[in-house]
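As a plain string of letters, each chain reads:
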Amino acid sequence: MEDKFKLLEECTGVSTDTRKIEKDNLFIALKGDNFDGNKYALKAIEQGAKYAVVDDVNLKDHQNLVYVEDALVFLQQLANYHRKKFDIPVIGITGTNGKTTTKELTAAVLQQKYNIHFTQGNLNNHIGVPLTLLQLNKEHDIAIIEMGASKIGDIKELTDIAAPTHGIITNIGYAHIEGFGSPENILITKTELYRAIEEVEGHLFYNGNDEVLEKQLPQACSTSTYGVNGDYNVQGSQVELTPLLSFKWSNKEYSSPTVSTQIIGKYNFYNMLAAICIGQYFEVNQEDINNALEAYKPNNNRSQLETTDYNTVILDAYNANPTSVKSALENFSEITKENKMFVLGDMLELGENTLHFHTEIIELSKALNLQGMFVGKIFSSLKEKHDILAFEDTQAAKDFISIATPEDNLILLKGSRGIGLEKLMEVI
C-alpha cells in the first residue's frame, strides 16, 4: 500500500469532489448512501486530476486510475502516512459542546505566534479529519484537529488517523444518544482522546472545575488546567453579560484587564479559558492572547449576536442537545433586558429519552420564568400536556411571528440544525 501512498508526492493535493478538482490533484472516489465517487473517476481525470483512486473492480485497468479495496480506508491511511512526516504538535479537540468554538478560539490565539493549520468549519468526522491532515505542509508549526463523534469508537478511529500529541475534551454531556446507546458510552468514546494522548505520553488541557473530566485523566500525561476559584494554570472570572461576554483571567505572574469579547454566553467563558490555557502553554504573549479573543467574531449560526430592523437576536441554531440548551436558557435568564423571548427548536438524535429531555427543557424554561415558543414535531407533541406555544415546523413559526411582529426584544434562537431556526431571521 505504501507505494500507492507515494502518489501523493506527484500530486498537488487531494480532492473527493469533482466540482473542486485542481490541476494534478489526487482524486479519491468515496461512496455514500446516495452517491458513488467511482462513477466520476474518469471525469476527475478529464478535469485535471493526475490520478484517481477507485474501489470499483471494473475500473481496475484504466489508465491513471489506481485500484484499492476500499477508497475510504485508503484516504484515512494516506492521511496518517502524511501526518507522520511532521514532527509538530497536533492538538486534538473533542467534547459534547463547544469543541468548534474552542478550536476557533485556540487557532486565533496561537496564530498570534505560529503558522497554524486547523479544521475548517466542522469537518470533524472520518472524512473531514483525513482531508484536514492532508493539507498539512512544512510551513505549519502546529495543527489543531477537531474530532466529532456520534457513536462509540468514533474518537478512537480519528485519533488513530491523526496521532495527536496534545488534547482537550471541552465537556461531556448528552448528544447523539441515539447512536451511542447510553451516557456511559458517550464518556467512553470522548475519553478515547485521553487514552490516545496517554499512549504517547503527551499533554492534556482540562477544565479543573469539571469533576467528570478530572476523574478520567490518565496518569502518564502532563497537564495544564483552567477554571474558576482554584489553583489552576489559568484562572478566570466573568465580569458581565450584556449579552456579550466580558471576563478577566490570571496566572501566577499576570492579571489581565477586562477582556471584552464579541461572543455571547457564559457557556463560552470556559471555551475562552481553554484557548488561553493552550496559548499560555505554547508561550503566546498575554496581550496578544487578549487581542485575539477580543477580535474573534463567531459565524455559522453559532453564538452570534445579530441586530435586525426590529430586534436583537442571539443566533445559536447550528446545534442543540440537552446540555447546550440548558446552558443557553440559564445564560439567557441572567441577561438583564426588559423584553426577552426564546425560540427553541427540537433536539434531534436523542433516542428513547427524547420526550424526557424535551420535557426537562420545557420545565426549565418555566422555572426560569422565561417567555417564548417551541418549534418542531417533538415539542409540538407535548403542547397540550405542558400548555406551551409550539409549532410543528419553522414555516408555521415564521407565519406566526410575521403576524405577532415582536419589537425591541432580545430573542434567543436555539435548536438542532435540522430544524432550520435561522430561517426565522427573515421575519424577526
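On a predicted model such as this, the values are computed, not experimentally measured, just so you know.

Summarising burial for strand 16 (residues 340-345): six of the six residues are buried, a large majority. Here strand 16 shows a buried face lined by Lys-340, Phe-342 and Leu-344 and a second buried face lined by Met-341, Val-343 and Gly-345. Relative to strand 19 (residues 410-414), strand 16 runs parallel, the two sharing five bridges. Within the sheet, the bridge partner assigned to Val-343 lies in strand 19 and is Leu-413. Taken together, the four bridges between strand 16 and strand 17 (residues 372-375) define a ladder with parallel strand orientation. Residue pairing for strand 17: Leu-344 is matched across the bridge by Phe-374. Taking the sense of rotation as the criterion, the β-α-β connection linking strand 16, helix 14 (residues 354-367) and strand 17 turns out right-handed.

To continue, consider the UniProt feature "domain: Mur ligase N-terminal catalytic" (unreviewed entry) in the protein. When the UniProt feature table is mapped onto this chain, "domain: Mur ligase N-terminal catalytic" (unreviewed entry) is found at residues 12-80. As annotated, residues 12-80 comprises 23% helix and 17% strand, and the C-alpha atoms at either end are separated by 18 Å.

With that out of the way, let us pick up the nonpolar core. Ranked by size, the top nonpolar core spans 62 residues in total, and within it Leu-110, Phe-247, Trp-249, Leu-293, Leu-329 and Leu-344 carry the most contacts. Tallying contributions element by element places helix 11 (residues 269-281) first for this core, with eight residues. When residues of this core are assigned to domains, at least three map to each of domain 2 (86-295) and domain 3 (304-419). If we skip the residues at most four places from it in the chain, Leu-329 touches Phe-342, Leu-344, Ile-361, Leu-364, Ser-365, Leu-368, Leu-370 and Leu-412.

The next point concerns helix 9 (residues 192-199). When we look at burial in helix 9, the residues that qualify are Glu-192, Leu-193, Tyr-194, Ala-196 and Ile-197. Buried residues along helix 9 sit in contact with strand 5 (90-94), helix 6 (154-162), strand 8 (166-169), helix 8 (183-190), strand 9 (203-207) and helix 10 (211-216).

Our next topic: the sheet that holds strand 6 (residues 116-118). Strand order in the open sheet made by the nine strands is 6-7-5-8-9-10-11-12-13, with mixed pairing throughout. Bordering the open sheet on either side are strand 6 and strand 13 (259-264), each of which pairs with just one other strand. Ignoring strand direction, the axes of neighbouring strands in this sheet form an average angle of 25°. Two elements, strand 8 and strand 9, share three bridges in a ladder whose sense is parallel. Among the inter-strand pairings, Gly-167 is bridged to a residue of strand 9, identified as Leu-204. Strands strand 5, strand 8 and strand 9 of the sheet are contacted by helix 9, whose axis makes an angle of about 160° with strand 8.

The next thing to look at is the sheet that holds strand 2 (residues 26-28). As summarised here, the arrangement of the four strands in space is 1-2-3-4, forming an open sheet in which the pairing is parallel. This sheet does not close on itself; its edge strands, each paired only once, are strand 1 (14-15) and strand 4 (65-67). The sheet contact formed by strand 3 (residues 51-54) and strand 4 spans three bridges and is parallel. Bridging across to strand 4, Val-53 finds its partner in Val-66. Of the strands in this sheet, strand 1, strand 2 and strand 3 are in contact with helix 3 (residues 71-83), which crosses strand 2 at around 135°.

You can read the domains of the protein as domain 1 (2-68), domain 2 (86-295) and domain 3 (304-419). Taking only C-alpha atoms, the centre of domain 2 and the centre of domain 3 are 28 Å apart. Domain 2 puts 16 residues into the contact, and the matching count from domain 3 is 18 residues. Together, the buried faces of domain 2 and domain 3 total about 1600 Å²; carbon and sulfur atoms form 58% of this surface. At the surface where domain 2 touches domain 3, the tally comes to one salt bridge. The residue Lys-266 makes a salt bridge to Glu-334 at a minimum N-O spacing of 2.7 Å. Counting across the domain 2 and domain 3 interface gives four residue pairs in polar contact (both at pLDDT 80 or more). Here the side of domain 2 that touches domain 3 is composed, by residue class, of eight nonpolar, six polar and two charged.

Definitions and limits used
- Residues numbered from 1 in each chain as written.
- Predicted model: local features only at pLDDT ≥ 70, side-chain atom pairs only at ≥ 80, totals over all residues.
- Heavy atoms only, no water.
- Buried < 20%, exposed > 50% of the residue type's maximum accessible area, 1.4 Å probe, protein only.
- Helix = DSSP H or I, 4+ residues; strand = E, 2+ residues; numbered from the N terminus.
- Pairing = 2+ DSSP bridges.
- Right-handed = clockwise from strand over helix to strand, strands pointing away.
- UniProt positions renumbered as here; feature names shortened; annotations may be inferred.
- Core = buried A, V, L, I, M, F, W, Y, C linked by side-chain atoms within 4.5 Å.
- Domains from an automatic or database assignment.
- Contact = heavy atoms within 4.5 Å.
- Axes fitted to C-alpha atoms, helices over the stretch in contact; angles between N-to-C directions.
- Buried area = accessible area lost by both parts, 1.4 Å probe.
- Salt bridge = Lys/Arg side-chain N within 4 Å of Asp/Glu carboxyl O.
- Polar contact = N/O pair within 3.5 Å; in protein donor to acceptor, adjacent residues only side chain to side chain.
- Nonpolar A, V, L, I, M, F, W, Y, C, P; charged D, E, K, R; others polar.

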